[in-house]
Amino acid sequence: MSQRVLTTESGAPVADNQNSATAGAGGPLLLQDQHLLEKLARFNRERIPERVVHARGSGAYGHFEVTDDVTEFTYADFLSTVGRRTEVFVRFSTVADSLGGADAVRDPRGFAVKFYTEEGNYDLVGNNTPVFFIKDPIKFPDFIHSQKRDPFTGRQEPDNVWDFWAHSPEATHQVTWLMGDRGIPASYRHMNGYGSHTYQWTNSAGEAFFVKYHFKTNQGIRCLSAEQAAETVGRDANSHQTDLLQAIERGVRPSWTLYVQLMPAAEADGYRFNPFDLTKVWPHQDYPLRRVGRLVLDRNPDNVFAEVEQAAFSPNNFVPGIGPSPDKMLQGRLFAYADAHRYRLGVNHTQLAVNAPRATTAQNYGRDGLMASNAQGRAAKNYEPNSYDGPAETGRPLSAPLAVTGHTGTHAAPPHTKDDDFFQAGELYRLMSAEEKSRLIANIAGGLSQVSRDDVIDKNLAHFHAADPEYGRRVEEAVRALRED
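Not measured: the values here are computed from a predicted model. (Residues numbered from 1 in each chain as written. Predicted model: local features only at pLDDT ≥ 70, side-chain atom pairs only at ≥ 80, totals over all residues. Heavy atoms only, no water.)

(A) Examining empty space enclosed by the protein more closely. Counted according to the given criterion, the structure contains five cavities of 30 Å³ or more. Taken as a whole, the largest cavity encloses approximately 80 Å³ of empty space. What lines the largest cavity is simply Asn128, Thr129, Trp177, Arg182, Pro185, His190, Met191, Asn192, Tyr194, Ile221 and Cys223. When its residues are assigned to classes, the lining of the largest cavity shows six nonpolar, four polar and one charged. Size it by volume and the second largest cavity reaches roughly 50 Å³. What lines the second largest cavity is Trp162, Trp165, Ser168, Ala171, Thr172, Val175, Asn460, His463 and Phe464. Broken down by secondary-structure element, the contributors of at least two residues to the lining of the second largest cavity are helix H3 (158-166), helix H4 (172-179) and helix H11 (454-467). With three residues, the top contributor of residues to the lining of the second largest cavity is H11. Its residues assigned to classes, the lining of the second largest cavity comprises five nonpolar, four polar and no charged. (1 Å grid on protein atoms, 1.4 Å probe; cavity = no way out; pocket = protein on both sides within 12 Å on 5 of 7 lines; lining within 4 Å. Points joined across faces, edges and corners; volume = space filled by probe spheres on them. Nonpolar A, V, L, I, M, F, W, Y, C, P; charged D, E, K, R; others polar. Helix = DSSP H or I, 4+ residues; strand = E, 2+ residues; numbered from the N terminus.)

Written as structure tokens, this is what we have:
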């Protein structure tokens, strides 16, 4: 077999890839060396802006297979038949740190799934926790700023982290998750994934159900203590990436079983707390888990940059039978995620291979823009409606309409009977074993004791006292002991 010829990007053969063109032997470089200039110019542009959040990530391909009939609740085509398989791409990530951050850190994990369905791509963007720190998207930039590197010190500051939480009592539930035993997963394979938000399913009769997604790991939950995590980071900062890559390469196929909780839409208004509040879970005794299918990962990306870094997940990518809910955080993300990708990757990011539909073809009137690759024939029109057999609307909404009433304004969510920020955090604490409680207390006190302002410490302690008297007392005693050392 003959050796393939190295070429420039325009296809011209390269004569010498070891030595730059110079003015005589050992002389200065020549501006005419097109190959050198092309290589250096491309090298300078190899990186794109990293994600502001979820920058550090890993991903893999696989499939989702329906195992149980859910057609009573949704007419989504890819969920319509038991045994049906849909190709997927999954991206896991840490939230707060930058692209060069370590994997084994105490941080929520992103769990994003792109289903390449025959009715278009469906993106389910979630985390490894069923709740989050805030319930209104207007606070999201402030929250992330408090968790990222301080603009003066250049590092994550306990003062900033805990000061924001001190002024955000709704964060108490997620803080209890984060500081507990599941705060540092041992690997991406050994953690659950959750849609976290509330979504909507609609069946063929037009009946609406609100839904929460739970991906339960079939590998079992495995987590690291703070000491184990520090050792892991020192040994391999890319531990989660290494584990996922090597597991799939040696034939291990990580899998998760998808369950959903389903609430008839009519029950939402009268539920004892706001079912669209991202800081709360739906108790399983109220809405039991119902099995849907199995998610399996079996192929690593060929190029991490092209497929993991350029993967763009947007929760507004719905398919018929699935839609949004009044969840305020979800509503904010319907805009923010797609806009982030337009900034990072360009308006034509959906034409990149990892983001383009695979089981169908995108047909619309979007044209041109940076890196457009969807050139149409010369007779194609770029407007609608038209008289030239261009793609036309279906007239069928993707999901049931949401009822709205009242006056415009900056409203707080309407109160339900158990709408407080602390009772679920207390319930979570009381579910823990004695050993789990001790580790939770130690993790919280380790961070909170580093805060320089007493009033910030006191505000946070009040949240833990409100969640559970024992919880608050033990955190207060642990913080006091560390500050007196």
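Here the narrative resumes, following the displayed structure.
(B) Region of interest: unusual backbone geometry. The omega torsion of the bond from Glu384 to Pro385 falls at 5°, within 30 degrees of zero and hence cis. Non-glycine residue Ser196 carries a positive phi angle of around 65°. With respect to the helices, strands and loops of the structure, Ser196 is situated in the loop between strand S5 (193-194) and strand S6 (199-202). Overall, Ser196 belongs to the buried group, its relative accessible area being 7%. The backbone of Asp368 shows a phi angle near 65°, a positive value even though the residue is not glycine. By the secondary structure assignment, Asp368 is in the loop between helix H8 (328-344) and helix H9 (423-431). For Asp368, a relative accessible area of 56% gives the class exposed. (Buried < 20%, exposed > 50% of the residue type's maximum accessible area, 1.4 Å probe, protein only.)

(C) Representation of the layout of surface pockets in the model. One number sums up the size of the largest pocket: a volume of about 1,500 Å³. In this structure, the largest pocket is lined by 44 residues; those nearest its centre are Pro357, Thr361, Ala362, Gln363 and Asn364. Broken down by secondary-structure element, the contributors of at least two residues to the lining of the largest pocket are strand S4 (120-127) and H8. A breakdown of the residues in the lining of the largest pocket according to their chemical character gives 17 nonpolar, 20 polar and seven charged.

(D) Region of interest: the nonpolar core. Residues Phe133, Trp162, Trp165, Leu448, Tyr471 and Val475 are the most contacted members of the largest nonpolar core, which totals 39 residues. Listing elements by their share of this core, those giving two or more residues are helix H2 (140-147), H3, H4, H9, helix H10 (434-448), H11 and helix H12 (469-484). With near-sequence residues (within four places) excluded, Tyr471 lies in contact with Thr176, Tyr429, Leu440, Ile441, Ile444 and Phe464. (Core = buried A, V, L, I, M, F, W, Y, C linked by side-chain atoms within 4.5 Å. Contact = heavy atoms within 4.5 Å.)

(E) Looking closely at the pattern of salt bridges. For the coordinates displayed, the defined rule picks out 30 salt bridges. One salt bridge connects Glu118 with Arg84, and the closest N-O pair in it is separated by 3.3 Å. Here Glu118 is found in the loop between strand S3 (109-117) and S4, whereas its partner Arg84 is found in the loop between strand S1 (57-66) and strand S2 (85-94), with 34 residues between them in sequence. Measuring nitrogen to oxygen at the nearest pair gives 3.0 Å for the salt bridge that ties Arg358 to Glu87. Here Arg358 is found in the loop between H8 and H9, whereas its partner Glu87 is found in strand S2, with 271 residues between them in sequence. Taking relative accessible area as the criterion, Arg358 reaches 34% and is therefore assigned partly exposed. When salt bridges that share partners are traced, they join Lys135, Asp277, Lys280 and Asp421 into one network. (Salt bridge = Lys/Arg side-chain N within 4 Å of Asp/Glu carboxyl O.)

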